[in-house]
Every structure is written in structure tokens, then in C-alpha cells.
Amino acid sequence: MAGSSSISWALGLPFLSPYLQSIGSDYHHGANFATLASTVLIPNTSLFVSGLSPFALPIQVNQMKEFKSRVEEFNSSGSSILPSQDIIGKSMYTFYIGQNDFTSNLAAGIGGVQQYLPQVVGQIAGAIKEIYGLGGRTFLVLNLAPVGCYPAFLVELPHNSSDIDEYGCMVSYNNAVVDYNKMLRETLAQTRTSVPDASLIYVDIHSVLLELFQHPTSHGLQYGTKACCGYGGGLYNFDPKVYCGNTKEINGSTVTASACSDPQNYVSWDGIHATEAANKLSVQAILNGDYFDPSFPLQELCDLQPIG
């Protein structure tokens, strides 16, 4: 998830090694099954066509099952390469997924996206039940961020000036996200009846990030809807023809989408992802417990460390 390194830091744990990185990894504290551009629903096209990861949520759950099998196998043989078997029940399972399902269909308009949303939240609920069946008991599910404030989408998605609010965000797309988040919240409430002895927590990161986009200077930042790493300058510093870190020839000139010199002043890193500064502020707000539903005593259960 975004900011997962900050969460690990706050919990006093090393960063979780990616499940797909078999060399030099340390799985004693768990594993990270997330991949870049992953979705909840399995993509209908290949990575080369859509740009979406083939490791959708159902695949990640299967990887988690394989991880559990390996833990049991290696523990029975006396190996200390993997964690003890009780890690499955002691772990906190964090879900921050769904944004790519939402944004990858925006070309069809908001109406085209909304038809998929019940399937998305249903798949998330199904994954939680499946992991619960394997022994998982603590789940944090983050909702969707306000994509209508993302510099990339402000540049790429069609909209009228009347759709821009006083903070520079697109009202229609943010409203669609709010509808999705309401659906997710209601679905998780229903899912709790199927996992009676588990902690299933809805995490409202949407409100945290919306506050940062709308009032960056109130939190020690300067720029809300402008990318740090990009090309083009102006309001958004984002050009879809050349992404952060890339160099391309545009109109006969070689240009590079480079990083700004002061990323600590930005909410948006590359037009889509948050900066480290924004991630730290988000994690601090989340760990404070004010954005949990229902309430969850994370500060009492964990010896939280300052985030550097």
C-alpha cells in the first residue's frame, strides 16, 4: 500500500519483503503481496495492452495461500527461514486496492466505471472471508483516494471548468469515489457478520488525502494538485506523453520528466502517487485512530514508534 514503509516504521518492523522477490528477502515479519498497477478484478487483457498487473487480488490471495503452505512446511522441518506458524492469526492484513479498477475504466465515463464497482467491493469481501478461513483475524481496508484531485487525471480526463471546485479538484469524479467508498463501507459492515471474531476495519484515507489536497499549507506543504516529478510546469506539471523519470522526444525536442528539488512541499509525487511527505502525514493520521470504523485500539495493541 502507499505509505506501507511508514506503517512498518511506526510498528517498529522492517519493511516487508515482496512475495515475488525470492532472493535476499526476509519474511520473518510477513510478506508484501502487492504489485504495481494491480487490480481487484482480473484484467481482461494482458499487461502489454492495458498496463495493468496480472497479479490481481485473487492471484495475491492464492500467493498468500502458497506462503502459508511454505510456512507450515518449513516450520515442520525445523527451518528458520520463514516465520512461525502462528503468524497467520497474528498478522494485520492491509488492503489498499481498487483504484486501478476505478481509473482504468474512466475512459468509458463515470457511468461505465460504476457498473463494475459492486463486483470490486464483492471481490474484496470475498478475499477477506477467504483469508479469514485460513486463520486471518485482523483486516485494515483502506478506501479510495480523491482521484479527482490527482494532477494526472486533471490533465487526462475530460471535464468542464464548471466541474472544478474551489480547490482545483474535479467534483464529478470525486463524487463517484465517494459513492464507491460508501458501497465499500456498507459491504464491509455486512461482511463482519461472516467473520464474527475478527477485527475488520474500514480506513478512511480518502478524508486524510482530501484534506491534504485542499489545504496543503495547513500541513506544512505548498502544492496540492501539482506533481513534483513531471514535465510541463504550469498548474499540474504533468504530461501523459512523458512520465516521471522518463526521457522522450516531443515536437522535435528531447525532454525529461524530472523530480522537483523540494518534494517535501508536495502532496503528489508523479501525478498519481503521493510523496513521502504526504504518505507520512497520512500514516500519522491513520495510526492516531480517528479514521477507523469501527474504532480499533491500535495504539494500545502496538508500541508505535515515531515516523522519521
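Residues numbered from 1 in each chain as written. Predicted model: local features only at pLDDT ≥ 70, side-chain atom pairs only at ≥ 80, totals over all residues. Heavy atoms only, no water.

Enquirer: Please provide a residue-by-residue account of the sheet that holds strand S8 (residues 292–293), values included.
Expert: Taken together, the four strands give an open sheet; going across it, the order is S1-S2-S3-S8, and neighbouring strands pair in mixed fashion. Among the strands making up the open sheet, the edge pair consists of strand S1 (92–95) and S8. Where strand S3 (residues 199–203) and S8 come together, two bridges link them in antiparallel fashion. Pairing of Tyr202 across the sheet is with Asp293, part of S8. Seen against the sheet, helix H7 (residues 117–134) touches S1, strand S2 (138–142) and S3 and runs at an angle of roughly 165° to S2. (Pairing = 2+ DSSP bridges. Helix = DSSP H or I, 4+ residues; strand = E, 2+ residues; numbered from the N terminus. Contact = heavy atoms within 4.5 Å. Axes fitted to C-alpha atoms, helices over the stretch in contact; angles between N-to-C directions.)

Enquirer: Any details on the packing of H7 against helix H9 (residues 171–191)? Residues and values, ideally.
Expert: Contact geometry for H7 and H9: axes closest at 10 Å, N-to-C directions at 35°. Considering the relative orientation of H7 and H9, their crossing is right-handed. Listed contacts from H9 to Leu117, Pro118, Val120, Val121, Ile124, Ala125, Ile128 and Lys129 of H7 are Tyr180, Met183, Leu184, Thr187, Leu188 and Thr191. The residue inventory of the contact of H7 with H9, partitioned by class, reads eleven nonpolar, two polar and one charged. (Left-handed = near helix turned anticlockwise from the far one by under 90°. Nonpolar A, V, L, I, M, F, W, Y, C, P; charged D, E, K, R; others polar.)

Enquirer: Any chance you could break down H9 for me, citing the residues and the numbers?
Expert: The end-to-end C-alpha distance of H9, which contains 21 residues, comes to 30 Å, matching closely the 30 Å that a straight helix rising 1.5 Å per residue would cover. Listed as buried for H9 are Tyr173, Asn174, Ala176, Val177, Tyr180, Asn181, Leu184, Thr187, Leu188 and Thr191. Buried residues of H9, viewed axially, fall in a sector of 150°; they line one side. In H9, those exposed residues whose orientation departs by more than 90 degrees from the buried face are Lys182 and Gln190. In this structure, the buried side of H9 is in contact with helix H5 (99–103), helix H6 (109–114), H7, S2, S3 and helix H10 (205–214). (Expected span 1.5 Å × (residues − 1). Buried < 20%, exposed > 50% of the residue type's maximum accessible area, 1.4 Å probe, protein only. Arc of directions from axis to C-beta.)

Enquirer: Which residues make up the nonpolar core, and what values do they have?
Expert: By size, the foremost hydrophobic cluster in this structure holds 71 residues, and its most contacted members are Phe95, Phe102, Ile124 and Phe139. Residues in contact with Ile124, not counting those within four places in the same chain, are Val40, Leu57, Ile97, Val141, Tyr180 and Leu184. (Core = buried A, V, L, I, M, F, W, Y, C linked by side-chain atoms within 4.5 Å.)

Enquirer: So what's going on with the environment of Ser25? Residues and values would help.
Expert: For Ser25, the location among the structural elements is in the loop between helix H1 (4–10) and helix H2 (47–50). With sequence-adjacent residues up to four places away left out, Ser25 is seen in contact with Ser17 and Pro18. Side chain to side chain, Ser25 and Tyr27 meet in a polar contact 3.4 Å long. (Polar contact = N/O pair within 3.5 Å; in protein donor to acceptor, adjacent residues only side chain to side chain.)

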